[in-house]
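# Commentary on secondary and tertiary structure
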Amino acid sequence: KATNAGAGACGPGLKKKELIRNGDFEAGGVDPDGWIMGTNRSAVYLSQGGKAGDRCVTLAGPAVEVTLSQTNIVLIPGEKYRLSAYLNTEKYSSLTNAKVTISNQGKSWKAFLEAGAGAPGWNLHETIFTAEPSVSGRYGLTVNGVYFTGTIGVDGVSVVPLSGRVFPEEAGVKIAVKIRG
């Protein structure tokens, strides 16, 4: 679902219920804090003119694939979440859509947002999903474009639990951590 409504979904840093670090991309130098650049690092950069604040990330083509990701996101299997992001695909051209994807590391389940080419300006995309179990107990978020020219603007990336519970312990899930000396 895409709309032109509303202001940014994230504020500076991490909000109480927000599970994405620096989803508004306001923190960072050359690279945004908390995010991992794909192998084509020169195609991902912070730029001015974001929707949720002063800065956003731009993925630039022409490229076979450009990715920006965040790992080790903790979700509670069976809980519902809202995934949202502002995308600007006005200058994007590809046979495939630009995507924002949540995946459970180690399995094939995914929840995602898609934006087609040529949508003018910043558009809010959002979906509600139920987290499936993950082998590692962690999840990842990836923003990507495949076989494209032009640019994909990304801002206000957000994952928020709808129940209000943030950590697995709050749902009665126990996490064992083994520390090696």
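Higher on the page you've got the structure.
Residues numbered from 1 in each chain as written. Predicted model: local features only at pLDDT ≥ 70, side-chain atom pairs only at ≥ 80, totals over all residues. Heavy atoms only, no water.

## Some details on the packing of aromatic side chains
Which entries qualify depends on this criterion: Aromatic pairing here means that ring centres of Phe, Tyr or Trp (its six-membered ring) are within 6.5 Å. Orientation follows from the plane angle: under 30 degrees is stacked, over 60 is edge-to-face, and everything else is tilted. Per the convention used, a helix needs a DSSP run of H or I reaching at least four residues, while a strand needs a run of E reaching at least two, with both numbered from the N terminus. Note on classification: 1.4 Å probe, protein chains only; a residue is buried when its accessible area is under 20% of the maximum for its type, exposed when over 50%, partly exposed between these limits. Either the NZ atom of lysine or the CZ atom of arginine qualifies as a charge over a ring when it sits within 6 Å of the ring centre and within 35 degrees of the ring normal.
A full pass over the atoms with the stated rule returns three aromatic pairs. Aromatic pair phenylalanine 25 and tryptophan 35: ring centres 5.1 Å apart, planes at 40°, arrangement tilted. Of this pair, phenylalanine 25 sits in the loop between strand S1 (2-3) and strand S2 (36-37) while tryptophan 35 sits in the loop between S1 and S2, and the two are 10 residues apart along the sequence. When its relative accessible area of 8% is taken as the criterion, tryptophan 35 is described as buried. Their ring planes at 40° and their centres at 5.3 Å tell us that tyrosine 92 and phenylalanine 148 sit as a pair that is tilted. Note that tyrosine 92 is positioned in strand S7 (residues 92-94) and phenylalanine 148 in strand S11 (residues 139-161), a separation of 56 residues in sequence. Each member of the pair, tyrosine 92 as well as phenylalanine 148, carries the same accessibility label: buried. The ring of phenylalanine 112 carries the charged tip of lysine 99 above its face, separated from the ring centre by 5.1 Å.

## Remarks on the nonpolar core
To keep it simple, the criterion reads: We define a nonpolar core as any set of buried Ala, Val, Leu, Ile, Met, Phe, Trp, Tyr and Cys residues linked to one another through side-chain atoms lying within 4.5 Å. Contacts between residues were defined by any pair of non-hydrogen atoms, one from each residue, lying within 4.5 Å.
In terms of nonpolar packing, the biggest core is built from 37 residues, with Leu59, Leu75, Leu141 and Val159 touching the most fellow members. Going through the elements one at a time, strand S3 (44-48), strand S4 (55-60), strand S5 (63-73), strand S6 (80-88), strand S8 (98-104), strand S9 (110-115) and S11 are the ones with two or more residues in this core. Top element by residues in this core is S11. It accounts for eight residues. Those residues in contact with leucine 59 that sit more than four places away from it in its chain are Ala43, Val44, Val66, Val143, Asn144, Gly145, Phe148, Gly150, Thr151, Ile152 and Val154.

## A look at the pairing of S8
Selection rule: Two strands are counted as paired when DSSP detects at least two bridges linking them.
Counting buried residues in S8 gives five out of seven residues, a clear majority hidden from the surface. Pairing geometry for S8 and S9, over six bridges, is antiparallel. Of the residues in S9, the one forming a bridge with serine 103 is lysine 110. In the sheet, S8 pairs with S11 via six bridges, with the strands oriented antiparallel. Following the sheet pairing, asparagine 104 is matched in S11 by tyrosine 139.

## Regarding the pattern of salt bridges
Where charged atoms from two side chains of opposite charge come close, those side chains can pair. Basically, it comes down to this: The term salt bridge refers to a side-chain nitrogen of Lys or Arg lying within 4 Å of a carboxyl oxygen of Asp or Glu.
For the structure on display, the rule yields two salt bridges. Between arginine 82 and glutamate 126 there is a salt bridge, with the nearest N and O atoms lying 3.7 Å from each other. Here arginine 82 is found in strand S6, whereas its partner glutamate 126 is found in strand S10 (residues 123-130), with 44 residues between them in sequence. Ionic pairing is found between glutamate 114 and lysine 99, a salt bridge with its closest N-O pair at 4.0 Å.

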